[in-house]
Amino acid sequence: MTEKDEQSLVLIKPDGLKKSLTGNILTRLSETKLDIVAAKIVRVSRELAEKHYCHMKEKPFYEELIKYIMGEYHKRKVMAMVYCGPGAIAKVRGICGATNPEEADPVSIRGAYGRITTKGVYENAIHTSVSAEEAEREIKLWFEPEEIILDIYPTKEAKLQSLKKRVWA
Ligand code: IDP
Ligand code: MG
């Protein structure tokens, strides 16, 4: 059986950018031989952070987690990417390592670069989707269709009359 094409949302979190780990993380991820089909630097709003971590709302560390992903403790930015290819979710997750950086394989990205803060948040340098369903929800949250070079999910044309958009002056 051949693995089917999948997508995974990958975020280099603010601690990863602050520690200048972008190159190292991208090099590690290139071991997967997957394609990057979208990439951008994002300043994360509270709304985006809360939507991204909507499943963590009840956690005692929720507020710290929101501040962390918004970059309040590091550079105020995240690098967002979509990786695509056969078995993308498991491949990316494998190199990424376990959620808790102290339990993660030391040669995984989180094992090598993560830490637990004194406030108890796992600063683990990278986010990756855990399932195809989560990937779809997250990719649609972080990217517009035209920002992805493949037609991954169905789109439709919409007329937006009162849309205000910043254009080059
Ligand atoms: P994941 O990032 O491996 O998918 P999730 O359970 O979705 O793990 O948690 C989202 C993020 O919340 C983690 O990446 C980590 O930064 C933080 N986190 C998760 N569980 C804990 C915990 O028990 N203590 C502190 N921070 C946590
Ligand atoms: Mg998760």
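What you are looking at is a predicted structure, and each value in this text was computed from that prediction instead of being measured.

1. Comments concerning the packing of aromatic side chains
- Counting across every chain of the model gives zero aromatic pairs.
- Taking the ring centre of Phe143 as reference, the NZ or CZ of Lys40 above it sits at 4.7 Å.
- The lysine or arginine in question, Lys140, covers the ring of Tyr153, its NZ or CZ lying 5.1 Å from the ring centre.

2. Focus on the side chain of Asn124
- The residue Asn124 is located in the loop between strand E5 (122-123) and strand E6 (126-128) in this model.
- The class for Asn124 is buried, based on a relative accessible area of 2%.
- Within the structure, the side chain of Asn124 is placed 2.7 Å from the side chain of Lys13, a separation counted as a polar contact.
- When near neighbours in sequence (up to four residues on either side) are disregarded, Asn124 contacts Lys13, Asp15, Tyr68, Thr99, Arg110 and Gly114.

3. A word on unusual backbone geometry
- In this model, Lys33 sits at a positive phi of 60°, which is unusual for a non-glycine residue.
- Its place among the elements puts Lys33 in the loop between helix H2 (22-30) and strand E2 (35-42).
- Judged by relative accessible area, which is 73%, Lys33 ranks as exposed.
- Even without glycine at this site, Ala125 takes up a positive phi of about 70°.
- Note on placement: Ala125 falls in the loop between E5 and E6.

4. What to know about the site of ligand 1
- With respect to spatial proximity, 14 residues lie near ligand 1, and among them Arg93, Thr99, Arg110, Tyr122 and Asn124 are the closest.
- In this structure, an oxygen atom belonging to ligand 1 sits 2.9 Å away from a side-chain N or O atom of Arg110.
- By residue class, the composition of the shell around ligand 1 is seven nonpolar, four polar and three charged.

What counts, and where the lines are drawn
- Residues numbered from 1 in each chain as written.
- Chains lettered and ligands numbered in written order.
- Predicted model: local features only at pLDDT ≥ 70, side-chain atom pairs only at ≥ 80, totals over all residues.
- Heavy atoms only, no water.
- Phe/Tyr/Trp six-rings, centres within 6.5 Å; stacked < 30°, edge-to-face > 60°.
- Lys NZ or Arg CZ within 6 Å of the ring centre and 35° of its normal.
- Helix = DSSP H or I, 4+ residues; strand = E, 2+ residues; numbered from the N terminus.
- Buried < 20%, exposed > 50% of the residue type's maximum accessible area, 1.4 Å probe, protein only.
- Polar contact = N/O pair within 3.5 Å; in protein donor to acceptor, adjacent residues only side chain to side chain.
- Contact = heavy atoms within 4.5 Å.
- Near = heavy atom within 4 Å.
- Nonpolar A, V, L, I, M, F, W, Y, C, P; charged D, E, K, R; others polar.

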